[in-house]
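Structural description and commentary
Letter by letter, the chains look like this.
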Amino acid sequence: MHLARFPRRFLAHLPTPLERLDRLTKELGGPEIWIKRDDCTGMSTGGNKTRKLEFLMAEAELQGAEMVVTQGATQSNHARQTAAFAAKMGMGCHIVLEDRTGSNDANYNNNGNVLLDHLHGATTEKRATGPDFNAVIEEVAEQMRADGKKVYTIPGGGSNPTGALGYVNCAFELLGQVNDSGMKIDHIVHATGSAGTQAGLIVGLQAMNAQIPLLGIGVRAPKAKQEENVYNLACKTAEKLGCPGVVSREDVVANTDYVGDGYGIPTASGIEAIKMFAELEAILLDPVYSAKGAAGLIDLIRKGHFKKGERIVFLHTGGSVALFGYDAAFDFADRWS
Ligand SMILES: *Cc1c(COP(=O)(O)O)cnc(C)c1O
């Protein structure tokens, strides 16, 4: 597959490392756990949106955009990485933030990703939650165009066929790493939200006939809806690449048992996962995505779904900077003497 046919702005630090988690593996006593460090993609503390934005922002530049408009939750990692790309490329950036949690916490509303959005020069507005924020940014962009601006819109999470190319690329990169080191892997696990990561990965894996099952751990939508979203985007991405039909519906698997009370609301198992990764491996997860993904991984190991003798790659999708918007989710009174 020839990804160089598509415009791309090379700003990510790639390839991201693939590392073995010895202490976590030992603690859980199950499969050998490896981590693909897409939290280390480089742009403004990194994360998975950077791979997507390499393709999206190249398209924006090619279309002569002066300004990008995108949307996300208050602590959106996607919004922050978009603001960083816009800064680096000399474009304006406006972000419509959706209040999905109703939190009045000062750090949630101003620290973490929000602080970095503003540091990169982006403007923000907050709106009450609604059914279709991608439609909202199209309206916002139309207004700007009426005022004479050249605007490129990026859907939430950068999840369209252009953005998903970033994760087709990640599938190639990961397969290259494991093939080069003679390392057979049995499963890939990651947090899935706006679907672009899982859709791109599954297209890349299927196109290479990798025969590695991919499991997305959901953070918002119910299972049927999440799988449908991923499948639909995977089909469109495969069409864009000229390999329609490469993904079947049954290749798309999401487990949404770890969402808890809803998007952006921390769970006990997620907080446990954050502490385990931090204390055993010095790796920072975030409460919204990677912690729920890791909570799923840990629980499925404890239940024997992933077994001793297998080798799992957990794709770390980033988000650690959101920790600073979620300090209220932790109680460390017992760490003080
Ligand atoms: C956006 C995001 C995800 C989910 O990726 P999608 O492509 O939206 O499914 C997972 N983890 C983190 C940290 C994210 O910011």
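Notes on the structure follow. What you see as residue numbers is a count from 1 along each chain, following the sequence as written. Where local features are concerned, this predicted model is filtered to residues with pLDDT of at least 70; where side-chain atom pairs are given and counted, the filter is 80 or more; whole-chain, interface and lining totals use all residues. The basis for every side-chain value is the complete set of non-hydrogen atoms in the structure, without hydrogens or water.

Digging into the packing of helix α2 (residues 49-62) against helix α7 (residues 161-180)
The packing of two helices is summarised by the inter-axis angle and the distance between the axes. Note on geometry: axes are lines fitted to C-alpha atoms, helical ones only across the stretch in contact, with angles between N-to-C directions running from 0 to 180 degrees. By the criteria applied, helices consist of DSSP H or I runs no shorter than four residues and strands consist of E runs no shorter than two, each listed in order from the N terminus. Running from N to C, α2 and α7 cross one another at 135 degrees; their axes reach a closest spacing of 6 Å. By the angle class used here, α2 and α7 are oblique. The two elements α2 and α7 cross, and the hand of that crossing is right-handed. Seen from α2, the contacting residues are R51, K52, F55, L56 and E59; seen from α7, they are T162, G163, L165, G166, Y167, N169, C170 and E173. Under the convention adopted here, Pro, Cys and the residues Ala, Val, Leu, Ile, Met, Phe, Trp and Tyr are nonpolar, Asp, Glu, Lys and Arg are charged, and Gly plus all remaining residues are polar. In terms of residue class, the contact of α2 with α7 is made up of 5 nonpolar, 4 polar and 4 charged. Geometric relationships in this document are graded by angle, where less than 35 degrees denotes roughly parallel, more than 145 denotes roughly antiparallel, 65 to 115 denotes roughly perpendicular, and other angles denote oblique. Crossing chirality is assigned from the near helix's rotation relative to the far helix, an anticlockwise turn below a right angle marking it left-handed and a clockwise turn marking it right-handed. Residue contacts are counted whenever heavy atoms from the two residues lie within 4.5 Å of one another.

Remarks on the site of the ligand
Whether a residue is near a molecule or strand depends on its heavy atoms: it is near if one of them lies within 4 Å of it. By nearness alone, 17 residues border the ligand, and K49, K52, G193, S194 and T317 come closest of all. Polar contacts, as counted here, are pairs of nitrogen or oxygen atoms within 3.5 Å of one another; within protein the pair requires one atom able to donate a hydrogen and one able to accept it, and residues that are adjacent in sequence qualify only if both atoms are side-chain atoms. A distance of 2.9 Å separates an oxygen atom of the ligand from a polar atom in the side chain of N77. A195 places a polar main-chain atom, nitrogen or oxygen, 3.0 Å from an oxygen atom of the ligand. A 1.4 Å probe that fits but cannot get out identifies a cavity on a 1 Å grid over protein atoms alone, an open set with protein on both sides within 12 Å along at least five of seven lines counts as a pocket, and a residue lines either if it has an atom within 4 Å of a point. A molecule is said to be in a cavity or pocket once over half of its atoms fall within 2 Å of that pocket's grid points. When atoms are counted within 2 Å of each cavity's grid points, the one that captures over half of the ligand is the largest pocket. Among the elements of the structure, α2, β7 (187-192) and α8 (196-207) are those that each provide at least two residues to the shell around the ligand. By residue class, the composition of the shell around the ligand is 3 nonpolar, 11 polar and 3 charged.

Brief notes about the sheet that holds strand β9 (residues 253-255)
Only when DSSP finds a minimum of two bridges between them are two strands counted as paired. Ordered in space as β1-β2-β10-β7-β8-β9, the 6 strands form an open sheet in which the pairing is mixed. Unpaired on one side and paired on the other, β1 (18-20) and β9 mark the two borders of the sheet. The sheet shows a mean angle of 30 degrees between the axes of neighbouring strands, taken without regard to direction. Where β7 lies against strand β8 (residues 214-218), 5 bridges are found, and the strand directions are parallel. Bridge pairing in β8 places V189 opposite L215. Relative to the sheet, α8 contacts β7, β8, β9 and β10 (311-316), its axis offset from that of β8 by approximately 175 degrees.

As for the packing of aromatic side chains
The relative placement of two aromatic rings is captured by the distance of their centres and the angle of their planes. For this analysis, a ring pair means two rings from Phe, Tyr or Trp (six-membered ring only for Trp) whose centres lie within 6.5 Å, classed as stacked if their planes differ by under 30 degrees, edge-to-face if by over 60, and tilted for the remaining angles. Applying the stated criterion across every chain, the model contains 4 aromatic pairs. Ring geometry for Y108 versus Y326: centroids 5.4 Å apart, planes at 80 degrees, classification edge-to-face. Residue Y108 is found in helix α4 (residues 106-110), and its partner Y326 is found in the segment after β10; the two are separated by 218 residues along the sequence. Accessibility here uses a 1.4 Å probe with only protein chains present; expressed as a share of the type maximum, an area under 20% marks a residue as buried, one over 50% as exposed, and anything in between as partly exposed. The buried category is assigned to Y108, whose relative accessible area is 3%.

Things to note about the state of the cysteines
As used here, a disulfide is simply a covalent bond connecting the sulfur atoms of two cysteines. Pairs of cysteine sulfur atoms within 2.5 Å are identified as disulfides in what follows. Under the criterion given, the structure shown has 0 disulfides. C243 takes part in no disulfide bond, and the closest cysteine sulfur to it belongs to C235, at a distance of 10 Å.

Considering helix α6 (residues 133-146)
Structural remark: α-helix, 3.6 residues per turn; residues separated by three or four positions point the same way. Helix span is expected to be 1.5 Å times the residue number reduced by one. With 14 residues, α6 ought to run about 20 Å at 1.5 Å a step, and its terminal C-alpha atoms sit 20 Å apart, in line with that. Taken residue by residue, α6 has F133, V136, I137, V140, A141 and M144 as its buried positions. Across the axial projection of α6, the buried residues extend over an arc of 135 degrees, all falling on one side. Exposed side chains of α6 directed beyond 90 degrees from the buried face belong to E139 and A146. Where α6 starts, the residue carrying a side-chain oxygen 3.3 Å from the main-chain nitrogen of N134 turns out to be D132. Once α6 finishes, G148 follows within two positions and takes phi at roughly 90 degrees, a positive value. As used here, the arc belongs to the directions running from the helix axis to the C-beta atoms.

Some details on the pattern of salt bridges
What makes a salt bridge here is a side-chain nitrogen of Lys or Arg within 4 Å of a carboxyl oxygen of Asp or Glu, nothing more. By the definition in use, this model includes 20 salt bridges. One salt bridge in this structure joins R8 and E54, with 2.8 Å as the shortest N-O distance. On the criterion of sequence distance, the pair formed by R8 in the segment before β1 and E54 in helix α2 is long-range, its members being 46 residues apart. By relative accessible area, which is 1% here, E54 ends up buried. Residue D299 is joined to K303 by a salt bridge in which the shortest nitrogen-to-oxygen separation is 2.9 Å. Judged by relative accessible area, which is 60%, K303 ranks as exposed. Beyond isolated ion pairs, a larger network of salt bridges with shared partners links K36, D38, R51 and E173.

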